[in-house]
Amino acid sequence: MHMRHRWAVDAGVGLLFVLAAAFLTHRLWPGPAGRVLALNPSDQALDEWFLAYATRAYRGDFSS
C-alpha cells in the first residue's frame, strides 16, 4: 500500500469518528453547562471529574 493512500485512509477514518461524535453530542453543544445526558447524568459528572483530575495529575498537582 502506498504511503499516500494509507494516509488518506487514516484521515478518512479519523474524519468519520469526528462526524460520529458530533452527531451523538450535537444537542449538548448549545448549552454544555446547563445540559446533561438524559439516560445517566451521574455518569457524565463522574467522567467530568476523571478528566479534571487527570489534567491536575499531569501538571503534578496532586493535592485534591
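Everything in this summary refers to the structure shown in the same document. (Residues numbered from 1 in each chain as written. Predicted model: local features only at pLDDT ≥ 70, side-chain atom pairs only at ≥ 80, totals over all residues. Heavy atoms only, no water.)

### Some remarks on the environment of Val 18
Now for step 1: Here Val 18 is to be found in helix H1 (residues 3-25).
Now for step 2: C-alpha separation for the pair Val 18 and Gln 44, spaced 26 residues apart in sequence, amounts to 20 Å. (Helix = DSSP H or I, 4+ residues; strand = E, 2+ residues; numbered from the N terminus.)

### A short note on the environment of Asp 43
Now for step 1: Looking at the secondary structure, you find Asp 43 in helix H2 (residues 41-59).
Now for step 2: Given a relative accessible area of 35%, Asp 43 falls into the partly exposed group. (Buried < 20%, exposed > 50% of the residue type's maximum accessible area, 1.4 Å probe, protein only.)

### Structural notes on the packing of aromatic side chains
Now for step 1: Taken as a whole and judged by the stated rule, the model has two aromatic pairs.
Now for step 2: Ring geometry for Trp 49 and Tyr 53: centres 5.3 Å apart, planes at 15 degrees, overall stacked. One end of the pair is Trp 49 and the other is Tyr 53, both in helix H2 and four residues apart, which spans about a single turn.
Now for step 3: Three or more aromatic residues joined by ring pairs make a cluster, and in this case those are Trp 49, Phe 50 and Tyr 53. (Phe/Tyr/Trp six-rings, centres within 6.5 Å; stacked < 30°, edge-to-face > 60°.)

### Concerning H1
An α-helical turn contains 3.6 residues, so any two residues separated by three or four positions project in the same direction.
Now for step 1: Relative to the 33 Å expected for 23 residues at 1.5 Å per residue, H1 spans 33 Å between its end C-alpha atoms, a close match to the ideal helical length.
Now for step 2: With zero of 23 residues buried, H1 lies mostly on the surface of the structure. (Expected span 1.5 Å × (residues − 1).)

Any link to function would need more than the numbers given here.
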